[in-house]
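Reading the structure
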Amino acid sequence: MSLADRPRATNTLGSTVFQHILRSSAAFVLVSLAILWAICWAMIWRIDAAQVARIEAEVEYAQEVYYSRGEEDLIEEAIGDDEDVIWSDDLIFELLENGDLLWVLRADDYTPKAGFDGLHGEEGWEVVTLEHPEITTPVRVNTVVLRGWDRLSIGAFVDPARENTLSFAIFATLAMLLIVLPLSLITGFAVSKRVFRRIEDISDTTAAVAAGEMEVRAPQSGRHDEFDRLAGGLNTMLDEVERLTANIEGVSVGVAHDLRTPLSNIGGRLELIRRDSADPQAVAAHVDAAEAAQGQLMRVFDALLRLGEVRAGKRRVAFAPFDLSASIDQLCEAYAPAFEDADKTFTAQIAGGITLDGDRELIEQAVSNLLENALEHSRDAARVQVRLTRDAGHVTLVVGDDGPGISPVHRDRIFERFFRADASRSTPGNGLGLSLVQAIVQLHGAEVRLAEQGAGAEFIVVFQG
Amino acid sequence: MNILIIEDDAETGAYLTRGLQEAGWDVQLCTAAQEGILAVSTRDFDAVVLDRMLPGMDGVDALRLMRGAGVTTPVLMLTARTAIHDRVEGLEAGADDYLLKPFAMSELLARLKIIARRPARTPEVTEMTVGPLHINRVTRVATREGTDLDLSPLEFRLLDFLMGHAGEVVTRTILLEQVWGYRFDPKTSLVQTHMSRLRAKVDKPFDEEVIRTVRGAGYVLG
């Protein structure tokens, strides 16, 4: 994918995170307001209902008194006989203070017979303002018509709690809209900006890698959060990709080199055969050399194919228990003369009776590769030793020599395909032997490593069981 | 010897035919599996060379058909190098041996000789004599003209195998497989190393060589 094909980076406001926060903030505010208003309305309704009930009861009582005992009794009952029948403006202050009821009884010509003249009610339920020089508090009033067109109005000051509740609801609404909503949007913006930046970092990394800058890695904040995990995972993947790419490059160079030499040898010998065709002895020598080169080619191919096969795990079906001790014993017997011919001392200590569940042929190949490695790469007159031991739960195979050992700079790479410590590639071998050993050993759930100390190279294979 | 070759590739077919004819054998070449199965059921062959990949029918299936029809003729399968696990399938289907392509003609000839005479092979005997050589498999003593050769167990096995195939060319690969049981090709010339030790004991102290090197092919005893 080229850079131009990448989805264009969106800005913070368009990011998914911000959109989500925007939507959820709006939903939160709306739901909160709905609940707030529902509660306030319920409270107001209760306040109103209580007041209405109080006035209603009073009106009923007054009517009862009026019809059963007459107008005078009503006036006396309501006002008492020691006060003025018509209430003064001053008295209203007291009533307001105590939350007492107001009332007025008027004749059919609207002149007040008793009560407060400033209370005006036409008929039924109303909310009115008193005719009073100072008091503006609204009054809920119920007016009923009595016999002979007399009119009785009874009222009460509207409970201040009602007003308070209403203004609280309005204040809360404004606060929500003007403070909470913008605040959550600002927070949301900040959060999405952070998220967006971290994602951008990661996305920039992938873009850079795609553009060929293999060494670029996603930055990590060190907080071990989900982004660090994502970046960490990505970086691990990129490391592996980089390693594999480097390995493939190495493999290509290795293959090219290891195939080129024998191929040109074969070509050269064919030319010599043509030239020396009159001399059967020379031709035979050329054919021998060409065959040797061809054998070398075949070994590279075989090793590669086998490596591929082992790595793909195809050989696991052939697993069966076999006598590892006998197998290694026989290999040592086979290789001992080769070490002797090379003037190297070879000793083997094989613990008997060890069986292993695996592919005998592959294990023999692996051990053979280790022996050949020791044969080829140990110093002159080296002492090479093989040990097979068993202790609690482990079977350990050691193949080691006493020099010259493997340089520390090469230690990490010796199991790589086509890696050769000898950069000139002039020593025998194709750099596949140890890769194959590792692949085979890993197929058997075991591990192979190079011993830490010691003058020579000592390979240790540890099998479970 | 009378050999049937079932191989679809013209060049390989011609190479095989020529190689086997030069060895003095009768060869019949079939290019299709059906044709080959028909030939093997109507004529008596000493051995069959069967390619693993044939047009129309897989070599393994063809082999199963043959074995199913009661054909007991020894079969050598030719398989590509890319499919090492194929050989297990081939052997299970009833092949007597297999050979990976590409191969040397000497290798093919040696293997065909071994499988062609396998049914007639004498049962295990305790003693064997070839020319001046004599081995006793129970005491594991090998002598030449009555002189004890003092062989290591491995050298004894090597000599035993060579004597069992006296007069035949035995290749390095066959020795690795039959004497050591190794199906891989070690870089170190293990066979040569052991062979030279064996020959140092069997031939060096005596006037006449009984083991000869066949250039580019292997060894022959007697």
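Note that residues are indexed from 1 along each chain, following the sequence as it is written. Each chain takes a letter, starting from A, and each ligand takes a number, starting from 1, following the order in which they are written. With the structure being a predicted model, the display of local features is reserved for residues of pLDDT at least 70 and the display and counting of side-chain atom pairs for 80 or more, all residues being used for whole-chain, interface and lining totals.

1. A look at the sheet that holds strand 12 (residues 458–464) of chain A
Residues and elements named next belong to chain A. Under the convention used in this document: Following DSSP output, two strands are said to pair if at least two bridges run between them. Only runs of H or I of at least four residues qualify as helices and only runs of E of at least two qualify as strands under DSSP, and these elements are numbered from the N terminus. Convention adopted: a line fitted to C-alpha atoms gives each axis, helices being fitted over their contacting stretch, and angles between N-to-C directions are expressed from 0 to 180 degrees. Any pair of residues counts as being in contact when their C-beta atoms, constructed from backbone geometry, are within 7 Å of one another.
In space, the 5 strands of this open sheet follow the order 7-9-10-12-11, with mixed pairing throughout. In this open sheet, the two edge strands, each paired with only one partner strand, are strand 7 (345–350) and strand 11 (447–450). Sheet twist, expressed as the average angle between the axes of neighbouring strands with direction ignored, equals 10°. Pairing analysis gives 7 bridges linking strand 9 (residues 383–391) to strand 10 (residues 394–400), with the strands arranged antiparallel. Looking at the pairing, Gln385 lines up with Gly400 of strand 10. Relative to the sheet, helix 7 (residues 324–341) contacts strand 7, strand 9 and strand 10, its axis offset from that of strand 7 by approximately 170°.

2. Remarks on the UniProt feature "modified residue: 4-aspartylphosphate" (unreviewed entry) in chain B
All names here are of chain B. For the record, the criterion: UniProt positions are given in the numbering used here, feature names are shortened, and annotations may be inferred rather than shown by experiment. Residue burial is a threshold on neighbouring C-beta atoms within 10 Å of the residue's own C-beta, all placed from the backbone, with 20 or more meaning buried, 12 or fewer meaning exposed, and counts in between meaning partly exposed.
In the numbering used here, UniProt assigns the "modified residue: 4-aspartylphosphate" (unreviewed entry) feature to Asp51. Considering the arrangement of structural elements, one finds Asp51 in strand 3 (residues 47–51). Exposure remark for Asp51: the 23 C-beta atoms within 10 Å place this residue in the buried category. Aside from chain neighbours lying at most four places away, what touches Asp51 is Ile6, Glu7, Asp8, Gly59 and Leu78.

3. Topic: the interface of chain A and chain B
Condition: Classes in brief: Ala, Val, Leu, Ile, Met, Phe, Trp, Tyr, Cys and Pro nonpolar; Asp, Glu, Lys and Arg charged; the others, Gly included, polar.
In this complex, chain A contributes 23 residues to the contact, which on the side of chain B involves 19 residues. Of all the secondary-structure elements, those providing two or more residues to the side of chain A that touches chain B are helix 6 (280–311), helix 7 and helix 8 (360–377) of chain A. Ranked by residues supplied to the side of chain A that touches chain B, first place goes to helix 6 of chain A with 10 residues. When its residues are assigned to classes, the side of chain A that touches chain B shows 9 nonpolar, 2 polar and 12 charged.

4. Let's talk about the UniProt feature "transmembrane region" (unreviewed entry) in chain A
Residues and elements named next belong to chain A. UniProt's entry tags residues 21–44 and 168–191 with the feature "transmembrane region" (unreviewed entry), counted in the numbering of this structure. Across residues 21–44 one finds 100% helix and 0% strand; the C-alpha atoms that close the span lie 34 Å apart. Counting secondary structure, residues 168–191 comes out at 100% helix and 0% strand; the distance between its end C-alpha atoms is 32 Å.

5. Description of unusual backbone geometry
With phi around 55°, His224 of chain A is a residue other than glycine that occupies positive phi space. Position of His224 of chain A among the secondary structure elements: in the loop between helix 4 (160–210) and helix 5 (226–275).

6. Things to note about the packing of helix 2 (residues 33–42) of chain B against helix 3 (residues 59–68) of chain B
All names here are of chain B. The cut-off we apply is this: Angle categories: roughly parallel below 35 degrees, roughly antiparallel above 145, roughly perpendicular from 65 to 115, and oblique for all the rest. Left-handed describes a crossing in which the near helix is turned anticlockwise from the far one by less than a right angle; the clockwise case is right-handed.
Relative orientation of the contacting elements helix 2 and helix 3 amounts to 25°, with a least axis distance of 10 Å. Considered as vectors, helix 2 and helix 3 are oriented roughly parallel to each other. In this structure, helix 2 meets helix 3 at a crossing whose hand is right-handed. Contacts between helix 2 and helix 3 pair Ala33, Gly36, Ile37 and Val40 from the former with Ala62, Leu65 and Met66 from the latter. Looking at the contact of helix 2 with helix 3 residue by residue, the classes come out as 6 nonpolar, 1 polar and no charged.

7. Describing helix 9 (residues 433–443) of chain A
Residues and elements named next belong to chain A. Of all the 11 residues making up helix 9, 10 are buried; the element is thus mostly covered by neighbouring parts of the structure. Every buried residue of helix 9 is listed here: Gly433, Leu434, Ser435, Leu436, Val437, Gln438, Ala439, Ile440, Val441 and Leu443. Buried residues belonging to helix 9 abut helix 6, helix 8, strand 11 and strand 12. Remark: Gly445 follows helix 9 within two positions and exhibits a positive phi of approximately 70°.

8. Brief notes about the sheet that holds strand 3 of chain B
Residue and element names in this part refer to chain B. The strand order across the open sheet built from 5 strands is 2-1-3-4-5, with neighbouring strands paired in parallel fashion. Strands at the two margins of the open sheet, each flanked by one partner only, are strand 2 (26–30) and strand 5 (97–100). With direction set aside, neighbouring strand axes in the sheet form an average angle of 20°. Pairing of strand 1 (residues 2–6) with strand 3 involves 4 bridges; the strand directions are parallel. Across the sheet, the residue bridging to Ile6 is Leu50, located in strand 3. Against the sheet, helix 2 contacts strand 1, strand 2 and strand 3, and its axis sits at roughly 160° relative to strand 1. On the sheet, helix 5 (residues 105–116) packs against strand 1, strand 3, strand 4 (75–79) and strand 5 and is oriented at approximately 175° with respect to strand 5.

9. A word on the confidence of the model for chain B
When pLDDT drops low, the exact placement of atoms in the prediction is not to be read closely. We count it as follows: pLDDT runs from 0 to 100 and stands for how confident the predictor is about each residue.
Here chain B shows a mean pLDDT of 86. Residues at 70 or above account for 94%. Across the interfaces of the predicted complex, the ipTM metric reaches 0.73, alongside a pTM of 0.59.

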